[in-house]
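Understanding the architecture of this molecule
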Amino acid sequence: MRFDLSQENESLIRRISSSVESGSVSHAYIVEGPATVDKPAFAKQFAKGILCPRRSGDDCGRCPVCQKIDHDNHEDLIFVSRLKTKASIGIDQIRDMQHQLSIKPNGPRYLVIMDESGLMTEEAQNCLLKTLEEPPGASVVVLLTDNSEALLPTIRSRCIRIRLEGSSIAGDDPMARRAEEILEHVLGRSPFYKTKKALGDVRDRNQVLQLIDHMENRCRQLILSRNDNGVLYSPREISECVDSLEKARTQLRQGLTPGSVMKRFVLRVGG
Ligand SMILES: [Zn+2]
């Protein structure tokens, strides 16, 4: 199944774009999501947000820059993907890309979008590392992947990770229901003991990761619908919550215990 997620992930694009607007765009991103998600479409939307000269941090969709990106012929947008005859993305393709980056861009910066970046050979990844360590000018590299674990830790540590969700919350999924309940408590500033009760006995790392996924998904739905069950949360509150969820995911990766990660998350958002 393939569907247009650019709309579903619109709030996410806006959140990233606001970092562009405030001038704090990162030079490298990993966009991770299931195979059913049209990640190149997301990346192009993101590219417009960065390169459109009319609306900083957003795209007008009508100017020559936006139109060229739509038609895949913008001079400063470099696409890298596996060649049809090859099983992987090799070092030659990275070197070609680096050569292009060494030439002055037409506009303010280059944007590189690499599809299926997990297919890079180790040699190619090590070569790309040089670009991430010393990005030429204001260039931005966006690595798309189904699974960021396929990338070297040295690459991952230099990129901001963005996760796209492929499906909405299933109504009969107990973990999804629990995620909704926890979110209601933290966004509604419930007393800590109530949130703790909603968290229940979730102590397992995988369960906590699932909860985080569900909560992020839910946050996006809340931003899109703006009003849920008559309760209104500000987009700012929700996007701060999403940031905290990202932080929780990082802390889990860094080895903090699941219990402590969730406690910190609840205190950050609802405290
Ligand atoms: Zn535009």
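The paragraphs below set out a description of the structure included in this document. As the structure is a computational prediction, the values presented were derived from the model and not from experiment.

A few words now on the pairing of strand E4 (residues 140-145). Burial of E4 is extensive: six of the six residues sit out of reach of the surface. Burial along E4 is two-sided: Val140, Val142 and Leu144 and Val141, Leu143 and Thr145, pointing in opposite directions, are all buried. Across five bridges, strand E1 (residues 28-32) lies against E4 in parallel orientation. Residue pairing across strands places Ile30 opposite Leu143, the latter belonging to E4. Pairing of strand E3 (residues 111-114) with E4 involves four bridges; the strand directions are parallel. Paired with Val112 across the strands is Val141, a residue of E4. The parallel pair E3 and E4, bridged by helix H6 (residues 122-133), forms a crossover whose chirality is right-handed.

What follows concerns the nonpolar core. Within the largest apolar cluster, 28 residues are counted, with the highest numbers of intra-cluster contacts made by Leu183, Leu211, Met215, Cys219, Cys241, Leu245 and Phe265. Taken together, the elements giving at least two residues each to this core come down to helix H8 (174-187), helix H9 (192-199), helix H10 (205-225), helix H11 (235-253) and helix H12 (258-270). Ranked by residue count, the leading element in this core is H10, at seven residues. For Leu183, the residues in contact, after removing those within four places along its chain, are Gly188, Met215, Arg218, Cys219 and Cys241.

So, about the environment of Met114. Relative to the elements of secondary structure, Met114 occurs in strand E3. The exposure class assigned to Met114 is buried, which follows from its relative accessible area of 0%. Apart from residues lying up to four places away in sequence, Met114 is in contact with Val80, Ile89, Ile94, Met120, Leu128, Val142, Leu143 and Leu144.

This part covers the packing of H9 against H12. Where H9 meets H12, the closest approach of the two axes is 11 Å, and the angle between their N-to-C directions is 140°. Classed by the angle they form, the pair H9 and H12 counts as oblique. Here H9 runs over H12; the crossing is right-handed. Of H12, the residues touching H9 (which contributes Phe192, Thr195 and Leu199) are Met262, Lys263, Val266 and Leu267. Classifying every residue of the contact of H9 with H12 gives five nonpolar, one polar and one charged.

Turning our eyes to something else, we now look at unusual backbone geometry. Positive phi outside glycine occurs at Asp72, with the angle close to 60°. Note that Asp72 resides in the loop between helix H4 (64-70) and strand E2 (77-80). Judged by relative accessible area, which is 46%, Asp72 ranks as partly exposed. One non-glycine residue, Glu116, lies in the positive phi region at around 50°. Residue position: Glu116 is located in the loop between E3 and H6.

The subject of this paragraph is the pattern of salt bridges. A complete count under the given rule lists 15 salt bridges for this structure. For Arg161, the salt bridge identified is with Glu32, shortest N-O distance 2.8 Å. A residue pair is termed long-range when its members are at least 10 positions apart, and Arg161 in strand E5 (residues 160-163) and Glu32 in strand E1 qualify at 129 residues. Pair check on accessibility: Arg161 and Glu32 agree, each one buried. Notably, a salt bridge pairs Glu75 with Lys68, separated by 2.7 Å at the nearest N-O pair. Owing to a relative accessible area of 30%, Lys68 belongs among the partly exposed residues under this scheme.

Taken in spatial order, the five strands of this open sheet run E2-E3-E4-E1-E5, and their pairing is parallel. The outermost strands of the open sheet, each flanked by one partner alone, are E2 and E5. On average, each strand axis in the sheet is tilted by 20° relative to the strand beside it, whichever way the strands run. In this sheet, E3 lies alongside E2 in parallel orientation, the contact comprising four bridges. Bridged to Phe79 within E3 is Ile113.

What follows concerns the pairing of E1. By the criterion of burial, E1 is predominantly enclosed, with five of the five residues buried. Burial along E1 is two-sided: the residues Ala28, Ile30 and Glu32 and Tyr29 and Val31 are all buried. By the bridge criterion, four bridges tie E1 to E5 in an arrangement that is parallel. By the bridge assignment for E5, Val31 is matched with Ile162.

Reading the values: the criteria
- Residues numbered from 1 in each chain as written.
- Predicted model: local features only at pLDDT ≥ 70, side-chain atom pairs only at ≥ 80, totals over all residues.
- Heavy atoms only, no water.
- Buried < 20%, exposed > 50% of the residue type's maximum accessible area, 1.4 Å probe, protein only.
- Helix = DSSP H or I, 4+ residues; strand = E, 2+ residues; numbered from the N terminus.
- Pairing = 2+ DSSP bridges.
- Right-handed = clockwise from strand over helix to strand, strands pointing away.
- Core = buried A, V, L, I, M, F, W, Y, C linked by side-chain atoms within 4.5 Å.
- Contact = heavy atoms within 4.5 Å.
- Axes fitted to C-alpha atoms, helices over the stretch in contact; angles between N-to-C directions.
- Parallel < 35°, antiparallel > 145°, perpendicular 65-115°, else oblique.
- Left-handed = near helix turned anticlockwise from the far one by under 90°.
- Nonpolar A, V, L, I, M, F, W, Y, C, P; charged D, E, K, R; others polar.
- Salt bridge = Lys/Arg side-chain N within 4 Å of Asp/Glu carboxyl O.

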